[in-house]
Amino acid sequence: MNKFLFELGLEEIPPYMITPALEHLSRGCAALLDENQVPCEMRTFSSPRRLALLLEGLPDRQPDRKETVLGPPVAVAYKDGKPTRAAEGFAGKEGVSVSDLKTVETEKGQYLAHERQIGGRPLPDILTDVFLQGIRSLSWPKNMYWRESRFRFIRPIRWLLALWNDEILPLELEGVRAGRTTRGHRFLGQQEISLADADQYEEKLRENFVLVRPEERRRVIQEQIEAQIPQGLQLLPDPALLETLVHLTEYPGVIRGTFSQDFLKLPQEVLVTVMRHHQKYFSVVDRTGAVQPWFLAVLNMDRDPEGRICQVHEKVLQARLEDASFFWEADRKKPLAERAGDLDQVLFQEKLGTYRDKTERIQQLCRQLEKNPDLDTAASLCKVDLTTEMVREFTELQGEMGGLYAREEGYPEVVWKAIYEHYKPVSLEDESPSSRNGALLSIADKIDTVVGCFGIGILPTGSSDPFALRRQSLGFVKVLFDHQFDYSLEYLVEQAQKNFPSKRPKKEVRHQVLDFLRRRVRYVFQEKGIAYDVLNAVLSIEIRNVYDAYERARALAGIRGEEDFEALAMAYKRIKNILAGQTIKARAVSEKQLVEPEEKNLYHAYLDLRPQLETQLKNGDYIDALKRMAGLRQTVDRFFDKVLVMSEDEKLRRNRLRMLHEISQLFLTVADISEIVQEGK
Amino acid sequence: MKTFQEIIHRLLEFWMDYGCVIQQPYDLEVGAGTMHPETFFRVLGPTPYKVAYVQPSRRPADGRYGENPNRLYRHYQLQVILKPAPGDVQDVYLESIRRLGIPLEKHDLVFDEDNWESPTLGAWGIGWQVLLDGLEITQFTYFQQAGGIDLMPISAELTYGLERIAAFLTDKNSVFEIPWNRELSYGDVRQREEYEFSKYSFEVADTTMLHQLFDLYERESNRCLEHGCTLAAYDYCLKCSHTFNLLDSRGAISVTQRVETIARVRSLAVKIARQYVETHEQVPV
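So, here's what we can say about the structure. Computed from a prediction, not measured in an experiment: that's the story for all the values here.

### A few points about the overall build of chain B
So, point 1. When helices and strands are tallied, chain B shows 8 helices and 9 strands.
So, point 2. Relative to the compact-globule value of 19 Å for 285 residues, chain B shows a C-alpha radius of gyration of 19 Å, a close match.
So, point 3. Once the C-alpha set of chain B is aligned to its principal axes, its extents read approximately 55 × 45 × 30 Å.
So, point 4. Burial status across chain B gives 57% buried among its 285 residues.
So, point 5. Of the contacts made within chain B by residues no fewer than 6 positions apart, 68% connect residues no fewer than 24 positions apart.
So, point 6. When the accessible surface of chain B is totalled, it reaches about 11,400 Å², and 48% of it is carbon and sulfur.
So, point 7. In chain B, 28 side chains carry a positive charge and 40 a negative one; their mean positions are 3 Å apart.

### A short note on the sheet that holds strand E10 (residues 167–168) of chain A
Whether parallel or antiparallel, the strands of a sheet pair through hydrogen bonds between backbone atoms.
Residue and element names in this part refer to chain A.
So, point 1. Across the sheet, which stays open at both edges, the 5 strands sit in the order E2-E3-E1-E9-E10 with antiparallel pairing between neighbours. Each edge of the sheet is formed by a strand with only one pairing partner; in this case those strands are strand E2 (41–47) and E10.
So, point 2. Where strand E9 (residues 157–164) meets E10, 2 bridges bridge the pair, whose relative direction is antiparallel. Paired with tryptophan 164 across the strands is glutamate 167, a residue of E10.
So, point 3. Here helix H1 (residues 15–35) sits on the sheet and contacts E2 and strand E3 (50–58); the angle it forms with E2, its principal contact strand, is near 155°.

### Thoughts on the sheet that holds strand E8 (residues 109–118) of chain A
All names here are of chain A.
So, point 1. In spatial order, the strands read E4-E8-E7; together these 3 strands make up an open sheet with antiparallel pairing. At either end of the open sheet lies a strand with only one pairing partner, and these are strand E4 (65–73) and strand E7 (102–106). For this sheet, the mean angle separating the axes of adjacent strands, direction not counted, is 45°.
So, point 2. Relative to E8, E7 runs antiparallel, the two being bridged by 5 bridges. Opposite valine 104, over in E8, you have tyrosine 111 as the bridge partner.
So, point 3. Running at roughly 155° to E4, helix H3 (residues 85–94) makes contact with E4 and E8 of the sheet.

### Regarding the packing of helix H10 (residues 355–369) of chain A against helix H15 (residues 436–455) of chain A
Residues and elements named next belong to chain A.
So, point 1. Taken N-terminus to C-terminus, the directions of H10 and H15 make an angle of 125°; their axes are 9 Å apart at the nearest point. By the angle between their directions, the pair H10 and H15 is classed as oblique. Seen along the crossing, H10 lies across H15 with a hand that is right-handed. Counting all contacts with H10, which are made through Lys358, Arg361, Ile362, Leu365, Cys366 and Leu369, the residues of H15 involved are Leu440, Leu441, Ile443, Ala444, Asp445, Ile447, Asp448 and Thr449.
So, point 2. Here the contact of H10 with H15 is built from residues that sort into 9 nonpolar, 1 polar and 4 charged.

### Here's the deal with the pattern of salt bridges
Residues and elements named next belong to chain A.
So, point 1. Across all of its chains, the model carries 69 salt bridges over all chains by this definition.
So, point 2. With its nearest N and O atoms 2.7 Å apart, the salt bridge here joins lysine 334 to aspartate 342.
So, point 3. Take aspartate 342: its relative accessible area is 27%, and that puts it in the partly exposed class.
So, point 4. One salt bridge connects aspartate 482 with lysine 478, and the closest N-O pair in it is separated by 3.1 Å. Pair noted here: aspartate 482 and lysine 478 are both in helix H16 (residues 469–482), with a separation of 4 residues, about one helical turn.
So, point 5. For lysine 478, a relative accessible area of 15% translates into the label buried.
So, point 6. In this structure, a network of salt bridges that share partners links the residues Glu202, Glu203, Arg206, Arg213, Glu215 and Glu216.

### Re the environment of glutamine 145 of chain B
Residues and elements named next belong to chain B.
So, point 1. Summarising the element assignment, glutamine 145 is placed in strand E7 (residues 135–146).
So, point 2. Judged by relative accessible area, which is 15%, glutamine 145 ranks as buried.
So, point 3. Considering only alpha carbons, one finds glutamine 145 and alanine 123, 22 residues apart in sequence, at a separation of 5.0 Å.
So, point 4. Leave out the neighbours within four places in its chain, and glutamine 145 touches Gly122, Ala123, Trp124, Asp150 and Leu151.

### A closer look at the side chain of serine 26 of chain A
So, point 1. Within the secondary structure, serine 26 of chain A is located in helix H1.
So, point 2. Residue classification places serine 26 of chain A among the buried positions, given a relative accessible area of 13%.

### Here's the deal with the interface of chain B and chain A
So, point 1. Across the boundary between the two partners, chain B contributes 45 residues, which contact 45 residues of chain A.
So, point 2. Across the chain B/chain A interface, buried area totals approximately 3,700 Å², and carbon plus sulfur atoms make up 52% of it.
So, point 3. When the area that chain B buries against chain A is broken down by residue, the three leading residues are Asp108, Met152 and Val255 of chain B, summing to 16%.
So, point 4. Seen at the junction of chain B and chain A, the total is 6 salt bridges.
So, point 5. Between aspartate 112 of chain B and lysine 280 of chain A there is a salt bridge, and its shortest N-O distance comes to 3.0 Å.
So, point 6. Counting only elements with at least two residues in the side of chain B that touches chain A, the list comes to helix H3 (89–99), strand E4 (109–113), strand E6 (123–132), E7, helix H4 (162–170) and helix H8 (255–279) of chain B.
So, point 7. When the residues that make up the side of chain B that touches chain A are grouped by side-chain class, the tally is 22 nonpolar, 12 polar and 11 charged.

### What about the nonpolar core?
So, point 1. One finds Met390, Phe525 and Leu556 of chain A to be the most contacted residues of the largest nonpolar core, which totals 139 residues.
So, point 2. No other element matches the 10 residues that H15 of chain A contributes to this core.
So, point 3. Those residues in contact with phenylalanine 525 of chain A that lie beyond four places of it in its chain are Phe481, Ile530, Leu535, Val546, Ala549 and Tyr550 of chain A.
So, point 4. Counting 94 residues, the second-largest nonpolar core is a separate cluster that includes Leu10, Leu123 and Ile126 of chain A together with Leu12 of chain B.

### Overview of the packing of aromatic side chains
So, point 1. Considering all chains together, one arrives at 48 aromatic pairs over all chains under this definition.
So, point 2. On the numbers, 5.9 Å between centres and 45° between planes, the contact of phenylalanine 485 of chain A with tyrosine 487 of chain A is tilted.
So, point 3. Residue classification places phenylalanine 485 of chain A among the buried positions, given a relative accessible area of 3%.
So, point 4. Plain terms: the ring middles of phenylalanine 41 of chain B and tyrosine 234 of chain B are 4.9 Å apart, the flat faces sit at 70° to each other, and that makes the pair edge-to-face. Of this pair, phenylalanine 41 of chain B sits in the loop between helix H2 (37–40) and strand E2 (49–58) while tyrosine 234 of chain B sits in helix H7 (residues 230–249); the two residues are 193 residues apart in sequence, bridging distant segments of the chain. For the pair shown, phenylalanine 41 of chain B and tyrosine 234 of chain B are each scored as buried.
So, point 5. Of the aromatic side chains, those joined through ring pairs into one cluster are Tyr93, Phe111, Trp128, Phe140, Tyr142 and Tyr160 of chain B.
So, point 6. Across the ring face of phenylalanine 348 of chain A, the terminal group of lysine 358 of chain A is positioned such that the distance to the ring centre comes to 5.0 Å.
So, point 7. Taking the ring centre of phenylalanine 197 of chain B as reference, the NZ or CZ of arginine 58 of chain B above it sits at 5.1 Å.

### Section: a nonpolar patch on the surface
So, point 1. On the surface, a cluster of nonpolar side chains totalling about 240 Å² of accessible area is made up of Tyr200, Val204 and Met209 of chain B.
So, point 2. Counting through the fold element by element, valine 204 of chain B comes out in helix H5 (residues 186–204).

### Remarks on H16 of chain A
All names here are of chain A.
So, point 1. Compared with the 20 Å implied by 1.5 Å per residue over 14 residues, the 20 Å span of H16 between its first and last C-alpha is a close match.
So, point 2. In terms of burial, H16 is largely enclosed, as 10 of its 14 residues are buried.
So, point 3. Among the residues of H16, those classed as buried are Leu469, Ser473, Leu474, Gly475, Phe476, Val477, Lys478, Val479, Leu480 and Phe481.
So, point 4. One or two steps after H16, the chain reaches glutamine 484, where phi turns positive at roughly 55°.

Cut-offs and rules
Residues numbered from 1 in each chain as written. Chains lettered and ligands numbered in written order. Predicted model: local features only at pLDDT ≥ 70, side-chain atom pairs only at ≥ 80, totals over all residues. Heavy atoms only, no water. Helix = DSSP H or I, 4+ residues; strand = E, 2+ residues; numbered from the N terminus. Rg over C-alpha atoms; globule rule 2.2 N^0.38 Å. Buried < 20%, exposed > 50% of the residue type's maximum accessible area, 1.4 Å probe, protein only. Contact = heavy atoms within 4.5 Å. Areas by Shrake-Rupley, 256 points an atom, 1.4 Å probe, with all protein chains shown as cover. Lys, Arg positive; Asp, Glu negative; His and termini not counted. Charge placed at Lys NZ, Arg CZ, Asp CG, Glu CD. Pairing = 2+ DSSP bridges. Axes fitted to C-alpha atoms, helices over the stretch in contact; angles between N-to-C directions. Parallel < 35°, antiparallel > 145°, perpendicular 65-115°, else oblique. Left-handed = near helix turned anticlockwise from the far one by under 90°. Nonpolar A, V, L, I, M, F, W, Y, C, P; charged D, E, K, R; others polar. Salt bridge = Lys/Arg side-chain N within 4 Å of Asp/Glu carboxyl O. Buried area = accessible area lost by both parts, 1.4 Å probe. Core = buried A, V, L, I, M, F, W, Y, C linked by side-chain atoms within 4.5 Å. Phe/Tyr/Trp six-rings, centres within 6.5 Å; stacked < 30°, edge-to-face > 60°. Lys NZ or Arg CZ within 6 Å of the ring centre and 35° of its normal. Patch = residues over 30% accessible without salt bridge, like charges linked within 9 Å, V, L, I, M, F, W, Y side chains within 5 Å. Expected span 1.5 Å × (residues − 1).

Spelled out as structure tokens, the structure:
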């Protein structure tokens, strides 16, 4: 059994791209190998400067295989029992004699054929092709050129390792020829490490201060962090930062530094952001979660004997905290209320105006949603922090800083908290604002952005969503859900639209936005485990209240398996089909024109059901509502058995259609149950 | 080697030995070494080139009256362009850092993703900020586009932050404490300047005049282009850019004007780059 080691040596790759790239490369190569019928076990390795694959259990060659090549039809190939020129020509082309040929049965009749024996290619040849193709098929979020060949890649390729057991494979890419040497840690290890064979890879690199397994680097970092946390304190967990650091280092080591207690007067949010965002430090907190004057930094080396490295880190952090302190003091000299005018200087979007304009729109929207002076105050101030030095320097603190400054100025909690929280949720995993005002402000801000952008034709595409409209919409939906707000999507979009002069036809924009929002609702419900057909049933009708739609979905999911309900769903589909394409004039059903007993029964059953359903819907008793609807099943079935809806008598026909239409409309106040797929089908 | 001027000397010596043309700072106000014609023009077109120079860089918005230990109205960059980017460019850079007396096995030097961009020049690149024990000391970029033109061959641009490096080497907490030479400190030489220029750009500058100047410079730049004086056109483009920076730091540019003004400077840079490529690159260097 053979081993193949492949290493692509690059200049430092952005950390967040490494894992996806390695996965893509290994999956791509595995698929290509599979196509070539080469089995193997594959292991992957990476560091900021390398992507590597180790394949084990490889045979010497591909398995031999057969390939059938068709020749002339038998009818043409033989005449009077003898082979014709056609047959001989084919045999000759295949390099065999006619007697070596076979006959095969095809759809078009019998044909002459040659079963070619194709010898498996030697593995080394296949591997060369597979890996070159694998590398070329990698797609990166951002590419660069470095050579005249205009080959685009994430970073320049500097070395290649390709070892088949102990032999070098003749791979060449962009001027780099594969060899048996790899490179160790830039400063602690050798720059040219020669490998006798694939087995030496991990160990030789380890000797040269490169750990090629991210999981090992992660473990080292976590262990060293644990060991260095001061007694009685704990780490502020930051999984995203940990991942970045795992992929930013080849040989990690952790140091612990301090900063002056004076800086603890700064808000926690500021301290943590400064440490994490600019310096990639972990923060340390006490049992109550209060930040302590320590930090943990991850280096790309394991030693700092004289503490010199730590000293520099401390100095850099000090400079940043001093800046932050300066901002904290300077910003508070100008009260938030005085800054409203300054928002004229902060552009939101060229055609949508400044943040002052946006603030006015948000205020308008909030007034529509709820007459609440605290909400109004919060709305008037929620963007003002964009004019502060702190937020200009640390943009990720927007919202939070506004809330903190408001708190400092003595605004009541119902106001400052709303400002603090209104950007939430920033992702599906993040929480919605906890306060009601915060939630209202959040949806007002988000719907303003989405409607505004759609209105001027800024729509997210597959590769571009500069205003994060997907994220905004998702957050919007999530807040509506979590707070169970009773506003329909249509209402909210319409209100938001009122604030914009019409450039595009308003109806068209509204449809686009609602469609977009509905897809986000679908996503949220899917994440909660609602099946796709239930989603279709509930989302085909107007979403008058996101949480309510969810309750319906749950009720539907609960009842779907029941026999009566399934039958009713099928019957309803029938009703829907009959009604499709018919124009029904809005005229009342004429009882007199109901002739058959079955249609009379159906109509009476409907009349009985209607008020009950309306009450149940008003109370949110969806399960009962659906059960009642399901109770109609027999009556509907008998109707279809005995009554011809499309009667030749126009009067009867129209009356029946009107009745079915009314029934359909009633059902649709709950859900479009025709979307429910029969179980077991 | 522990003074500001020795550090500059040592770096220039390194790059001189490497074979670079050692140029001098451009004699106009610029915000970065990249804006020097020795970078902006030389990276365009196919002709190889290697150059190194110090460039005092003015950023009026960063002025702090000489009171902030880290931020300056004007700081010094050491700019290197290597065209085409050599295959071992990272190693050569690291060698230059070692030549400054920094033992890299005892420090933590990291290439941290950072892609640089200059909207006013229509330029951008891919690369890293180089962190030394957490301190940013260099912007390391593979130049991809300048003046809106895709570049080939690709130049490597190394921009050293001289004050940062000096503060690191001399172990000072404030830029002003760095010894400039054996007798005088950075503050002795420059602090007064920092104060006055901060005062000028934040409080004194006549914004009406600046708006007028911007229009005049823009017009003259276009005139130069019409007459085929590409390099002179670029001078006026640089003047526009600095004037914009002054207006911006003074708070005299509204937010929509900002977008528009940047677009005007960029438009000049693009025309200039195009004219340069069409005319100069026919003449062998």
